[in-house]
Amino acid sequence: QVQPVESGGTLVQAGGSLRLSCAASGRTFSRYGMGWSRQAPGKEREFVAAISWSGGSTYYADSVKGRFTISRDNAKNTVYLQMNSLKPEDTAVYYCAARDGLVWRYWGQGTEVTVSS
């Protein structure tokens with residue numbers, strides 16, 4: 001079992017960059033695929049990016065491909081989301097999650113990102 005805790009959300013101007021971090025407790029962190037989702041005000045939560053347990057495979061939503069990069073450091077039990085060329089439509093609460101098999105089972109509380117135009 002792991003417990004993700006997100007950090008790094010803040011107010012940033014359009015075109016700027018931001019890096020989110022997700023520190024996960026638990027000795028088995030490296031066994032889990034990890035991912036980021038987001039939920040904008042009044043909208044459903046949507047997938048943003050995911051990374052395999054080894055970091056060898058990454059996946060992105062079309063809306064962030066080429067702008068966001070997911071990475072992980074298993075020695076630090078941490079997953080990162082580097083966000084560049086931010087747009088106002090990237091404004092959302094960003095959630096980190098750990099995948100147990102086919103289920104996104106363990107979720108953090110979220111960190112808020114606001115992109116001003």
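Look a little higher up for the structure.
Because the structure is predicted, anything quoted here is derived from the model rather than measured. (Residues numbered from 1 in each chain as written. Predicted model: local features only at pLDDT ≥ 70, side-chain atom pairs only at ≥ 80, totals over all residues. Heavy atoms only, no water.)

### A look at the state of the cysteines
Right, on to step 1. The tally for this structure, following the rule as stated, stands at one disulfide.
Right, on to step 2. The residue that forms a disulfide with C22 is C96, at a sulfur-sulfur distance of 2.1 Å. Across the disulfide from C22 to C96, rotation about the S-S bond amounts to roughly -80°, and the bridge is consequently left-handed. Taken together, the residues C22 in strand 3 (residues 18-25) and C96 in strand 9 (residues 92-100) connect sequence positions 74 residues apart. (Disulfide = S-S within 2.5 Å. Helix = DSSP H or I, 4+ residues; strand = E, 2+ residues; numbered from the N terminus.)

### Structural notes on the pairing of strand 10 (residues 103-107)
Right, on to step 1. Where strand 9 lies against strand 10, four bridges are found, and the strand directions are antiparallel. Considered in strand 10, the bridge of A98 is made with Y106.
Right, on to step 2. Once strand 9 ends, the chain turns through two residues before running back antiparallel as strand 10, passing G101 with a positive phi of about 70°. (Pairing = 2+ DSSP bridges.)

### Quick notes on the environment of L81
Right, on to step 1. Checked against the element boundaries, L81 lands in strand 8 (residues 78-83).
Right, on to step 2. Separated by 23 residues in the primary sequence, L81 and T58 place their C-alpha atoms 12 Å from one another.
Right, on to step 3. Beyond its immediate chain neighbours, meaning those up to four positions away, L81 contacts L18, R19, L20, W36, V48, A49, F68, T69, I70 and Y94. (Contact = heavy atoms within 4.5 Å.)

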